[in-house]
Every structure is written in C-alpha cells, then in structure tokens.
Amino acid sequence: MKEKSAVSRNEEMLNSPVEAVIPKLAVPTIISMLITSVYNMADTFFVSQLGTSASGAVGIIYSAMALIQAFSFMIGMGAGNNISRLLGQGKEEEAKRYASVAWFTGLALGCAVALLGATQMKNIVMLLGSTETIAPYAMDYAHYIFLAAPFMMCSFIMNNLLRFQGLATYAMVGITTGGILNMVLDPILIFGFGMGTAGAGAATGFSQFVSFCILLFMCNTHKDAIHITPRNYRPTARMYGRILYTGVPSLARQGIASISSVMLNSIAGQYGDAAVAAMSIVSRYTMFINSVIVGFGQGFQPVCAFNFGAGKYDRVKKAFWFCVKVATIALLILCGVSLLLSGHIIELFRRDDAEVIAIGTFALRAQLVTMPLWGYYTMCNMLSQSIGYGVRASVISCARQGLFLIPVLAVLPLMFGLRGLQLSQPVSDILAFFLAFILTRGILKELDGKGTAQ
C-alpha cells in the first residue's frame, strides 16, 4: 500500500477539487460501512433459519451492540475531529496525544462493558426488550459480543482516527477483513458446529478481534499514520472536554437510537415474536442502505474539518452541498429499487413465516418513502459535528431516532396499534428533516459571515 506524506495529504485536503477528494476518501469508507451492514444482515439471515424467536434475538442484542458502537464513536469521532483540525493548523504533536488518549480510554471502557455483560447478562437481555421465548437465544448470542467489547471499541476508535487523518483505505482493510471473516464463519459455527445463535455471536466476536489486530497494525506500522503509543497517553481535563464536546453528537445519535430500539422491541413484543423479528429485519435492511450515505458523509468529514481549521469556509460550504446532492440522488435510486422488491426482501429472511413477511413488508415500504430525506439530514449532522457546533450537532443527531421517534412510539401504537408501530420511523424522519433544515440554515449563515482565508 503506497504511503502518502502528511504534507501532500494536507495539500490534497485543502486544495484539490472537493468533487474529486471527497469520493476518493468516501469509497473505502462506504465499502467498510457496507461490509459491516452485510455481515450484520448475514447474522440476521443465518440465525433466522433457526426460527422466529432466534431471529428476534439478533434484533434484541443489536441494541447493545449499538450502545457499544455509540461510545466508541463518541471517543473516536470526538478525537478524530480534533485531530483533523489540529493537522489543518499544523499541530501534529498535539494530534498524536489525542489519538493515544482516545485508544486507551476506549480499551478501559471496553473492559468495563465486558465485565458488566459477564455479571448481568440476563438482566441486560430483558432490559433490552426481550420476550421470555427470545431471551435464551439472545443470551447465547450476547455472551461472545460482550466478551469482544474491548476489541470492538478499540476497532471503531481506530477506524475513525484513520478516517480523520485522510487514511480511510487503511481503515477499510481492517473492517472489511473482519466482516468477510464473519460471513464465512457464520454458517460454519451456527450449522456446522451446531452452536445456533451462540455461533453467530462467536463469529462476530472473533471477527472483531481480527479487525482490531489489523487496524492496530495499520496505525503503528505506516509512517503516514499517527501511532498509538503509551508515551502519548497524557490526558488532560481540557482534552477530554474537547473530545466530549465534538463526540457527544455521535453518542447522542447512536445511543438514543439504541434506547428507541429497545422501546421499539418492547412495543413489538406486545404483538408477538413475529413483529419483533419483522422490525429487526427491516432495521437491518434500512441500515444497509443508510450505510452508503453515512460512508459518503464520512468521506466529507475530514475535508470539512481540515478546511474549517484552515479557515477555508467557502470550501466547507461547497463540499456540504456537493454531498447533499450526491446522497439524495443515491437514496432516490436505492429506495426506488427497494420499493419494487420490498416483499421479496423480507421473504428472503423468513420465507416460511407469512406473518413476519406481511408485517415487515409494510414497515419497509413506509420507511423507504421517507428515506430520501436522510441525505440532507445526514450531511447536516456531519457538518455541524465536524466544525465544532457541538450543541446543534447533538440536537440534530438525536432527532431522528430519539427526540422525535421516542414520543412518536409512545403515541402512534396506542392510537393505531401495529400499524402505528410500522409508521413511527417515517413520521420521525419527516420531523427530523425540518429540524435539521432550520438548525443548519443558521450554521451556513454564520459561515457566510466568517469570510475565507486566502
């Protein structure tokens, strides 16, 4: 893999056409996101062959995995945003400290999560919205997920640190290798070794460990990457404050999504295991589509942060609108094709369960109608977080799957039953879009008033 000097990489970030540099950074990130989504869907697909209750177990534990990812992204994106801005300002030594502080903090938190999972497994599974029939499958799956938590957290953190240095290709190698390995191991452990849902968890846990090893190797052996070393672990309260300020939007976005997911599972459980399984399948598929948009947005983030740090505000705005247009067009195409195939998509997972197919097909079609709004919404979130508008970024990031979804989930199912549950996410999407529009319009006006560095 050819290495690029920090000077030439910075020059590309600050002066190459955004229409060229953003796709270049985004492609490896999109691949990483797609592979992650595919192996999540692979878990759902293979486990679904074991029965409806087993299928529901994957959706239950996904909430716990989302929380682990949320804290990892809070640290990784919080540190990464600061690293990008520091590199844009030429402060490389301070950037190195942020990288090591983020990594060792994630390792400590991951160990704490593993210990909590080992001692409170049954309580956690029930708290996540499991039914009594789903719980045994969920516990088998979760055992290995919690065991791998330290490696999972450090992997997500390193992925973000590499991305914000403009080294998304290095991050892609680690994520895709682990994802492909997971897909290969799933059928072997689930069916070949007869491990059932525990096999899916073991495949995920081991794959995360492999990704961890590859990403650590990438960080510490390439000259153009910031190395992770104990000597640079010199945290200060100010440093943690800055990481939290820029990272909390990620925690808000994914953490509150986890809470709403638990709420959704609990409400779906009132309509039986078929409803839990159906909504889990829909969630996995929409996450697959969204991964393309999030991956593209993550290619935008380092360009945004670098140029904001260098005072090139016009370039920040140009990059933002370019990404909004590309993301919206991509979503229109993906959602259009998915609408035509919606029934077959759900059937692929639970071919012999007519109730799961019926519930899932309607829910999927409803979500696909509002998904094109995600392009603008996602880029608003990426913009506000990358340039340090922490409060507004936090509000935008938690709107779609928390600020609006939680009250909508509390109201619509009471009014319309199962149909209300299926419509909750689309209604929340529309409300979140308008909120993001209002908040981001103010940010863009502030950038207009700053001028641009020469």
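Predicted model only: the values in this text are computed from it and were never measured. (Residues numbered from 1 in each chain as written. Predicted model: local features only at pLDDT ≥ 70, side-chain atom pairs only at ≥ 80, totals over all residues. Heavy atoms only, no water.)

Colleague: Could you give an account of the nonpolar core, with specific residues and numbers?
Modeller: The biggest cluster of nonpolar side chains holds 136 residues, and the ones touching the most others in it are Ile22, Ile61, Leu162, Phe300, Phe320, Leu383 and Ile387. Of the residues forming this core, the biggest block, 19 residues, is contributed by helix α11 (residues 273-309). Not counting chain neighbours up to four residues away, the residues in contact with isoleucine 61 comprise Val125, Leu128, Ala138, Tyr141, Ala142 and Ile145. (Core = buried A, V, L, I, M, F, W, Y, C linked by side-chain atoms within 4.5 Å. Buried < 20%, exposed > 50% of the residue type's maximum accessible area, 1.4 Å probe, protein only. Helix = DSSP H or I, 4+ residues; strand = E, 2+ residues; numbered from the N terminus. Contact = heavy atoms within 4.5 Å.)

Colleague: Help me get a handle on the packing of helix α7 (residues 149-164) against helix α8 (residues 168-192), residues and values and all.
Modeller: In contact at an axis separation of 7 Å, α7 and α8 are set at 155 degrees when each is read in the N-to-C sense. Between α7 and α8, the interaxial angle falls into the category roughly antiparallel. Contacts from Asn159, Leu162 and Arg163 of α7 reach α8 at Ala168, Tyr170, Ala171 and Ile175. Of the residues that constitute the contact of α7 with α8, the class distribution is five nonpolar, one polar and one charged. (Axes fitted to C-alpha atoms, helices over the stretch in contact; angles between N-to-C directions. Parallel < 35°, antiparallel > 145°, perpendicular 65-115°, else oblique. Nonpolar A, V, L, I, M, F, W, Y, C, P; charged D, E, K, R; others polar.)

Colleague: Give me the lowdown on the side chain of threonine 361, citing residues and values where you can.
Modeller: Inspection of the secondary structure puts threonine 361 in helix α14 (residues 354-370). On the basis of relative accessibility, which here comes to 10%, the residue threonine 361 falls in the buried class. Of note is the side chain of threonine 361, whose polar atom sits 2.6 Å from the backbone oxygen of isoleucine 357. (Polar contact = N/O pair within 3.5 Å; in protein donor to acceptor, adjacent residues only side chain to side chain.)

Colleague: Now, about the environment of leucine 216: what can you tell me, with residues and values included?
Modeller: Topologically, leucine 216 is positioned in helix α9 (residues 197-221). Given the relative accessible area of 25%, leucine 216 is considered partly exposed. Remark: the alpha-carbon pair of leucine 216 and proline 372, spanning 156 residues in sequence, is separated by 36 Å. Contact partners of leucine 216, with chain neighbours within four places excluded, come to Trp103, Met158 and Ile228.

Colleague: Which residues make up the pattern of salt bridges, and what are the values?
Modeller: Applying the stated criterion across every chain, the model contains eight salt bridges. Two residues, glutamate 94 and arginine 238, come together in a salt bridge whose shortest N-O distance is 3.9 Å. With glutamate 94 in helix α4 (residues 92-119) and arginine 238 in helix α10 (residues 237-269), this residue pair connects regions lying 144 residues apart in the sequence. Residue glutamate 94 is classed as partly exposed on the basis of its relative accessible area of 23%. (Salt bridge = Lys/Arg side-chain N within 4 Å of Asp/Glu carboxyl O.)

Colleague: I'd like a rundown of the packing of aromatic side chains, residues and numbers included.
Modeller: Under the criterion given, the structure shown has 18 aromatic pairs. Here phenylalanine 45 and phenylalanine 349 contribute two aromatic rings whose centre-to-centre distance is 6.3 Å and whose plane-to-plane angle is 75 degrees, an arrangement assigned as edge-to-face. Of this pair, phenylalanine 45 sits in helix α2 (residues 18-48) while phenylalanine 349 sits in helix α13 (residues 342-349), and the two are 304 residues apart along the sequence. Residue class for phenylalanine 349 comes out buried when judged on its relative accessible area of 6%. Plain terms: the ring middles of phenylalanine 151 and phenylalanine 212 are 5.2 Å apart, the flat faces sit at 65 degrees to each other, and that makes the pair edge-to-face. Taken together, the residues phenylalanine 151 in helix α7 and phenylalanine 212 in helix α9 connect sequence positions 61 residues apart. Residue classification places phenylalanine 151 among the partly exposed positions, given a relative accessible area of 27%. Given a relative accessible area of 10%, phenylalanine 212 falls into the buried group. Here the basic side chain of arginine 400 rests over the ring of tryptophan 374, its NZ or CZ set 3.8 Å away from the ring centre. Residue placement shows arginine 419 over the ring face of phenylalanine 362; its charged tip is 3.8 Å from the ring centre. (Phe/Tyr/Trp six-rings, centres within 6.5 Å; stacked < 30°, edge-to-face > 60°. Lys NZ or Arg CZ within 6 Å of the ring centre and 35° of its normal.)

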